[in-house]
Amino acid sequence: MKTEQIALSPLAPGANLSLTVHRFGEAGARPKVYIQAALHADEIPGMIAAHHLRERFKALEAEGRIKGEIILVPSANPIGLAQKVLGEPVGRFDLSNGMNFNRGYAYLVPKVAERIKGKLTKDGQANVRLIREAMSAELAAWPTHNAADVLKKTLLGLAIEADVVLDMHCDSEAVVHLYSHTRSAEEFAPLSALLGAHAFLLADESGDDPFDEACSRPWAELADRFPEHPIPFGCHSTTLEFRGEGDVTHEFAKADAAAVLAYLTLRGVVAGEAPAVRQALCTPTPLAASEPVPSPATGMVVFRAEPGARVKAGDVIAEIIDPLTGDVTPARSEADGVMFARILLRFATKGMRLAKVAGTDARRTGKLLSA
Ligand SMILES: [Zn+2]
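Throughout what follows, the structure given in this document is the object of discussion. (Residues numbered from 1 in each chain as written. Predicted model: local features only at pLDDT ≥ 70, side-chain atom pairs only at ≥ 80, totals over all residues. Heavy atoms only, no water.)

### Things to note about the overall build of the protein
- Across its full length, the protein carries eight helices and 20 strands.
- A globule of 371 residues ought to have a C-alpha radius of gyration of about 21 Å, and the protein, at 21 Å, matches this closely.
- Overall, the C-alpha framework of the protein stretches about 65 × 50 × 45 Å when taken along its three principal axes.
- The 371 residues of the protein split such that 53% are buried.
- For the protein, restricting intrachain contacts to residue pairs at least 6 apart in sequence, the fraction spanning at least 24 positions comes to 71%.
- Counting every atom, the protein has about 15900 Å² of accessible surface; 54% of that belongs to carbon and sulfur.
- Across the protein, the mean location of the 40 positive side-chain charges is 2 Å away from that of the 46 negative side-chain charges. (Helix = DSSP H or I, 4+ residues; strand = E, 2+ residues; numbered from the N terminus. Rg over C-alpha atoms; globule rule 2.2 N^0.38 Å. Buried < 20%, exposed > 50% of the residue type's maximum accessible area, 1.4 Å probe, protein only. Contact = heavy atoms within 4.5 Å. Areas by Shrake-Rupley, 256 points an atom, 1.4 Å probe, with all protein chains shown as cover. Lys, Arg positive; Asp, Glu negative; His and termini not counted. Charge placed at Lys NZ, Arg CZ, Asp CG, Glu CD.)

### Topic: the coordination of the zinc ion
- The coordination sphere of the zinc ion, as far as protein atoms go, consists of H40 (ND1), E43 (OE), E43 (OE) and H169 (ND1), spread over 2.0 to 2.5 Å.
- Coordination at the zinc ion comes from four donor atoms whose angles at the metal span 55 to 145°, giving a geometry best classed as irregular.
- As a motif over one chain, the donors of the zinc ion read H-x2-E-x125-H. Both residues of the pair, H40 and E43, belong to the buried class. (Donors = N, O, S within 2.8 Å, 3.2 Å for Na, K, Ca; no water. Tetrahedral: all angles 85-135°; square planar, octahedral: opposite > 155°, others 65-115°.)

### What to know about the nonpolar core
- Ranked by size, the top nonpolar core spans 46 residues in total, and within it L19, Y34, I131, L155, L156, F211 and L222 carry the most contacts.
- Elements with a minimum of two residues in this core: β2 (18–25), β4 (69–73), α3 (109–116), α4 (124–140), α5 (147–159) and α7 (211–225).
- Considering each element in turn, this core owes the most residues, seven residues, to α5.
- Those residues within four positions of L156 in sequence are excluded, and the remaining contacts are Y105, A106, L139, F211, A214 and C215. (Core = buried A, V, L, I, M, F, W, Y, C linked by side-chain atoms within 4.5 Å.)

### Section: the layout of surface pockets
- Its volume calculated, the largest pocket comes out at about 1100 Å³.
- Surrounding the largest pocket, 48 residues form its lining, R92, D171, S172, S370 and A371 being those nearest its centre.
- Ranked by the residues each element gives to the lining of the largest pocket, the list is headed by strand β20 (residues 353–358), at four residues.
- A class-by-class count of the residues in the lining of the largest pocket yields 22 nonpolar, 11 polar and 15 charged.
- Counting contributing residues per domain, the lining of the largest pocket is built from domain 1 (2–282) and domain 2 (286–358), each supplying no fewer than three.
- As a volume, the second largest pocket reaches approximately 170 Å³.
- Taken together, the residues that form the lining of the second largest pocket break down as five nonpolar, six polar and two charged.
- The two domains that each donate at least three residues to the lining of the second largest pocket are domain 1 (2–282) and domain 2 (286–358). (1 Å grid on protein atoms, 1.4 Å probe; cavity = no way out; pocket = protein on both sides within 12 Å on 5 of 7 lines; lining within 4 Å. Points joined across faces, edges and corners; volume = space filled by probe spheres on them. Nonpolar A, V, L, I, M, F, W, Y, C, P; charged D, E, K, R; others polar. Domains from an automatic or database assignment.)

### Observations concerning the packing of helix α6 (residues 185–195) against helix α8 (residues 250–266)
- The interhelical angle for the contact between α6 and α8, taken along N-to-C directions, is 150°, at an axis separation of 9 Å. Classified by the interaxial angle, the pair formed by α6 and α8 is roughly antiparallel. Helix-helix and strand crossings are classified by hand; for α6 and α8 the assignment is right-handed. The segment α6 lies against α8, with E187, F188, P190, L191, L194 and L195 engaging D256, A259, V260, A262, Y263 and L266.
- Classifying every residue of the contact of α6 with α8 by side-chain character gives 10 nonpolar, no polar and two charged. (Axes fitted to C-alpha atoms, helices over the stretch in contact; angles between N-to-C directions. Parallel < 35°, antiparallel > 145°, perpendicular 65-115°, else oblique. Left-handed = near helix turned anticlockwise from the far one by under 90°.)

This is the structure we're talking about:
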């Protein structure tokens, strides 16, 4: 394991920041895998999975079993990790401007398309190399305006030339689920099964440029822009949601790390016997079919469905109880599907999202992710 510290933009003169990056295997070896944890800095289940992955990678490297290259960033957001308000950690949004740390990554497609026009050939692998070089060059020219931009640019720069990107997050209260580009469904089907995911959500574009899409989406769009040239999908990227924010145990983290390792073994990054992939708990469904359950009233929230529950349209997900009148209003699912996540709060205002149900009927349009 080689560890480096990358200096970031200081928050103020003297308030220096750095990113810790671990590297395993030979630089330049393929497949190249980029893994990061806690981009939303208060999402610790990914951070502890990274802790267990680091130990496993060190042991595998000592045995000479890392055939590709692995980059692991165990704590991807030092800005967010230092933020607190009235004792509560705030790791999702940048307190300086309210921006979600997992939105607003560089959308490089137009400039990359310009750069590669006339240079693509009939050789798919050569085209992949050309596009990776163009993406890195365009990212280097991406302007930054604040410390979070510099962090985003640095993280994307580490990931953008990888074959596979795993971005480890968690939800509020949830079962394991994951997000990826529609064209990565087959690539991540074994990982979804190995993790025991209850929902696998697919989109071509979910809105506001999250990290995983900044890595994957260019490949789909460039292939569509240049149909006369072979452009293999150069970066399969996924956002992994390791349950809820309180689900920080060695048992969960070891199981998650083992699932990631099994996937990397299947992918040839780690040498070893191909693991048996168990039957998946879910099939991929469109993110546009993931239906929020809004609160129909303001009041106390008493959930009637646990994360992972299979629900039907009309099923009661929660009761909303007015503390003054005692009125009870049921919050119902609008879709058949799996209720894969719900909020941690137990008091809701009318219209607030209480839970998310992965359905199969793609009805939503526009921005598909929550704030
Ligand atoms: Zn997150």
